[in-house]
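# Structural description and commentary
Next come the chains, spelled out residue by residue.
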Amino acid sequence: MAMPPALRKIALTAHIASSVGWLGSVAAFLVLAVAGLTGQDAQRVRGAYLAMELTGWYVIVPLALASLLTGLVQSLGTPWGLLRHYWVLAKLVLTVVATFLLLLHMQVVDHVAGAAARANLSGGDLSHMRFPLVFDAAAAVAVLLTTTALSVYKPRGLTRHGWRVRNEGRTDRAGGATGSTAVPPARA
């Protein structure tokens, strides 16, 4: 089912805005995590962790969910399809996994922000939780840049479902004539 062009453009704009917003807010989160880990001023460190909690719940999580939802709408309403192309499937898997891990990650953020709200954190306090905040945010930036690159480059490659849909389309256009039913070789 194809969307009308005007609706497709609105959906695409929403998807790009939420995806770019997600990437940008995670980059800001990374800066706050580095500032919190390396900061010497207790108030600045405290402020960084409190800002991370707010940014996570009120910016990053909503943008991640919006990106996932608008990506699904885009894939289902355009010829790219949800399961036809490997690059779309890869983006879907990366986005679902990243969103799931984000929700788990926010539990750590809540714990560190709670500790920061109760008292000033010194350099060694909760270091076992503060370093992963930097690592996780850096990994998230890398994943989001990967999904962005997949959107731009759109590497070729149809899934088995994509081959079936493509071959069914050829059969339909040929007026019921038997089209090629070749299935691509299985990938290792």
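This write-up is about the structure you can find in this document. (Residues numbered from 1 in each chain as written. Predicted model: local features only at pLDDT ≥ 70, side-chain atom pairs only at ≥ 80, totals over all residues. Heavy atoms only, no water.)

## A short note on the nonpolar core
Quick note on the threshold: Take the buried residues of types Ala, Val, Leu, Ile, Met, Phe, Trp, Tyr and Cys, join any two whose side-chain atoms come within 4.5 Å, and each joined set is a nonpolar core. A 1.4 Å probe rolled over the protein chains alone gives each residue an accessible area, and that area as a share of the maximum for its type sets the label: buried under 20%, exposed over 50%, partly exposed in between. By definition, any uninterrupted DSSP run of H or I lasting at least four residues is a helix, any uninterrupted run of E lasting at least two residues is a strand, and each is numbered from the N terminus.
Of all hydrophobic cores here, the largest spans 23 residues; its most connected members are Trp22, Tyr49, Met52, Leu102 and Leu133. Counting residues per element, the ones that place at least two in this core are α1 (5–38), α2 (42–77), α3 (86–118) and α4 (127–153).

## Brief notes about the environment of Gly21
Looking at where Gly21 falls in the secondary structure, it is placed in helix α1. Assessed through its relative accessible area of 23%, Gly21 is described here as partly exposed. In this structure the C-alpha to C-alpha distance between Gly21 and Ala64, which are 43 residues apart in sequence, comes to 8.8 Å.

## Topic: α4
Spelled out, the test is: Multiplying 1.5 Å by the helix residue count minus one yields the expected span of that helix. Here, residues are in contact when the closest pair of their heavy atoms is within 4.5 Å.
With 27 residues, α4 extends 39 Å from end C-alpha to end C-alpha; this agrees with the ideal 39 Å at 1.5 Å per step. Where α4 is concerned, the buried positions are Met129, Arg130, Leu133, Val134, Ala137, Val141, Leu144, Thr147 and Leu150. Among the structural elements, α1, α2 and α3 are those in contact with the buried residues of α4. Following α4 by one or two positions, Lys154 adopts a phi angle in the positive range, close to 40°.

## Section: the packing of α1 against α3
The test is simple: Fitting a line to C-alpha atoms yields each axis, with helices limited to the stretch in contact; the angle taken between N-to-C directions then spans 0 to 180 degrees. When an angle is under 35 degrees it counts as roughly parallel; over 145 it counts as roughly antiparallel; between 65 and 115 it counts as roughly perpendicular; any other value is oblique. Helix crossings are classified by the rotation of the near helix relative to the far one: an anticlockwise turn of less than a right angle makes the crossing left-handed, while a clockwise turn makes it right-handed. Put simply, Ala, Val, Leu, Ile, Met, Phe, Trp, Tyr, Cys and Pro go in the nonpolar bin, Asp, Glu, Lys and Arg in the charged bin, and everything else, Gly too, in the polar bin.
Two elements in contact, α1 and α3, have axes separated by 14 Å at closest approach and are oriented at 40°. The orientation of α1 with respect to α3, classified from their angle, is oblique. The handedness of the crossing between α1 and α3 comes out as left-handed. The residues of α3 that touch α1, namely those facing His15, Trp22 and Phe29, are Lys91, Thr95, Ala98, Thr99, Leu102, His105 and Val109. Partitioning the contact of α1 with α3 into residue classes produces five nonpolar, four polar and one charged.

## Some details on a nonpolar patch on the surface
Stated formally: Distance thresholds for patches are 9 Å for like charges and 5 Å for nonpolar side chains (Val, Leu, Ile, Met, Phe, Trp, Tyr), applied to residues having over 30% relative accessible area and no salt bridge. Accessible surface area values rest on a Shrake-Rupley calculation with a 1.4 Å probe, where residue burial reflects the displayed protein chains alone. Salt bridge, as used here, is a side-chain nitrogen of Lys or Arg placed within 4 Å of a carboxyl oxygen of Asp or Glu.
On the surface, Leu54, Trp57, Tyr58, Val59 and Leu103 cluster together into a nonpolar patch covering about 490 Å² of accessible area. Here Val59 lies in helix α2.

## Re α2
Spelled out, the test is: Two axes enter the bend calculation: one fitted to the seven residues ending at the residue in question, the other to the seven starting there, and the bend is the angle between them.
Between the first and last C-alpha of α2 there are 50 Å, a value that for 36 residues agrees with the 52 Å anticipated at 1.5 Å per step. Along α2, the sharpest change in direction is near 40° and occurs at Gly56.

## Thoughts on the packing of α2 against α3
Between α2 and α3, the least distance of the axes is 9 Å, while the angle of their chain directions is 160°. When the interaxial angle is binned, α2 and α3 end up roughly antiparallel. Once α2 is placed against α3, the crossing between them reads as left-handed. When grouped by side-chain class, the residues that make up the contact of α2 with α3 number 21 nonpolar, four polar and three charged.

Coordinates in, geometry out; function isn't part of it.
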